[in-house]
Amino acid sequence: MNVLLVAGGSPEDWPAFSVDGFDYVVGIDRGNLFLLERNIIPDLTIGDFDSLTEEEQGFVFAQAKEILTSPAEKDETDTQLAVSKVFEKFPNAKIKLIGATGGRLDHLLSNLWLGLEPRFFPFLQQLVIQDKQNHFSYLPPGEHLIQQLPETKYLGIICLTAVDNLIINEAKYTLTQTNFAIPISLGSNEFIGKPATVSFTSGIVAITQNKDA
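Residues numbered from 1 in each chain as written. Predicted model: local features only at pLDDT ≥ 70, side-chain atom pairs only at ≥ 80, totals over all residues. Heavy atoms only, no water.

Looking now at the pairing of strand 5 (residues 94–98). The sheet contact formed by strand 1 (residues 2–6) and strand 5 spans five bridges and is parallel. What sits directly across from Leu5, in strand 5, is Leu97. You can see the chain leave strand 5, run along helix 4 (residues 105–112) and come back into strand 6 (residues 127–130), and the turn it takes is right-handed. (Pairing = 2+ DSSP bridges. Helix = DSSP H or I, 4+ residues; strand = E, 2+ residues; numbered from the N terminus. Right-handed = clockwise from strand over helix to strand, strands pointing away.)

Pasting the structure below:
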């Protein structure tokens, strides 16, 4: 089950995609308007819709298949709510979240920190955040093989928490067993024509694959 979540970030930052590659599409707040402007009708329309004018909201609601509204004042963002509802409905789904980068820094951080929420930990490797320049995914403790994505050049290994016994091999810059007590970004690494290997025994690590703009 492949699910596309579209948040309200500018479509100029969206990665290239075909909606045919997804079984279910969720529009989040203004992301619904951006989808409909491209003749894509989301399967689920979700949000508090405070970013839409009354006319825009009417346009979105008139075409929506299913609507889930949330109060503007709440304890989670519309994106958090959307991720939660999708995993509740499709626990085995693979989610690609776009429109979640750029814009306000507090929104960006809340999106990147989705993987740190205990409720999402069981689904950690099922969630990807992507824009036209970056691919962001999460790893739990263990040994992992990182396949290079087409058109990407750089590999980042980001400790989102304290991380123990981090090892990086089969990359331009390797790392012997090292503990990190605070979050740190080990960026600007590169693939060397083969999958990189990353292992660690505790904590949460994010993997970025990106290219220059």
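To continue, consider the packing of aromatic side chains. Going through the model one piece at a time under the given rule, you end up with seven aromatic pairs. With a centroid separation of 5.0 Å and 85 degrees between ring planes, the pair formed by Phe49 and Phe61 is classed as edge-to-face. A residue pair is termed long-range when its members are at least 10 positions apart, and Phe49 in the loop between strand 3 (44–47) and helix 2 (54–63) and Phe61 in helix 2 qualify at 12 residues. These aromatic residues form a ring-pair network of at least three members: Trp14, Phe17, Phe22 and Phe34. When the ring centre of Trp14 is taken as reference, the NZ or CZ atom of Arg38 above it lies at 5.2 Å. (Phe/Tyr/Trp six-rings, centres within 6.5 Å; stacked < 30°, edge-to-face > 60°. Lys NZ or Arg CZ within 6 Å of the ring centre and 35° of its normal.)

A few words on the nonpolar core. Ranked by size, the top nonpolar core spans 31 residues in total, and within it Val3, Leu5 and Val26 carry the most contacts. Within the residue set of this core, elements represented by two or more residues are strand 1, strand 2 (24–28), strand 3, helix 3 (78–89), strand 5, strand 6 and strand 7 (134–139). In terms of residue count, helix 3 provides more of this core than any other element does, five residues in total. Residue contacts for Val3: discarding those within four places in its chain leaves Phe22, Tyr24, Val26, Val86, Phe90, Ala93, Lys94, Ile95 and Lys96. Counting residues in each nonpolar core, the second largest holds 16 residues, with Leu139, Ile157, Ile168 and Phe200 among its members. (Core = buried A, V, L, I, M, F, W, Y, C linked by side-chain atoms within 4.5 Å. Buried < 20%, exposed > 50% of the residue type's maximum accessible area, 1.4 Å probe, protein only. Contact = heavy atoms within 4.5 Å.)

Let's shift gears to the environment of Glu76. Locating Glu76 in the fold gives a position in the loop between strand 4 (67–69) and helix 3. In sequence terms Glu76 and Ile157 are 81 residues apart; their C-alpha atoms lie 27 Å from each other. For Glu76, the residues in contact, after removing those within four places along its chain, are Leu81 and Arg119. Of note is the side chain of Glu76, whose polar atom sits 3.0 Å from the side chain of Arg119. (Polar contact = N/O pair within 3.5 Å; in protein donor to acceptor, adjacent residues only side chain to side chain.)

Now for the sheet that holds strand 13 (residues 196–200). Here four strands make up an open sheet; going across it, the order is 8-13-10-11 and the pairing antiparallel. The sheet terminates laterally at strand 8 (142–146) and strand 11 (175–180), the two strands that pair on one side only. On average, each strand axis in the sheet is inclined to that of its neighbour by 20 degrees, with strand direction left out of account. (Axes fitted to C-alpha atoms, helices over the stretch in contact; angles between N-to-C directions.)

With 12 residues, helix 3 should cover 16 Å at 1.5 Å per step; its first-to-last C-alpha distance of 16 Å lies within 8% of that length. All of the buried residues in helix 3 are Asp78, Thr79, Gln80, Leu81, Ala82, Val83, Val86 and Phe87. (Expected span 1.5 Å × (residues − 1).)

Here the focus is the sheet that holds strand 1. Sheet architecture is open: 10 strands sit in the order 4-3-2-1-5-6-7-14-9-12, paired in mixed fashion. Looking at the sheet topology across the chains shown, the edges are occupied by strand 4 and strand 12 (184–190). Adjacent strand axes in the sheet meet at a mean angle of 20 degrees when their direction is disregarded. Of the pairings in the sheet, the one linking strand 1 to strand 2 comprises four bridges and is parallel in character. Of the residues in strand 2, the one forming a bridge with Leu4 is Val25.

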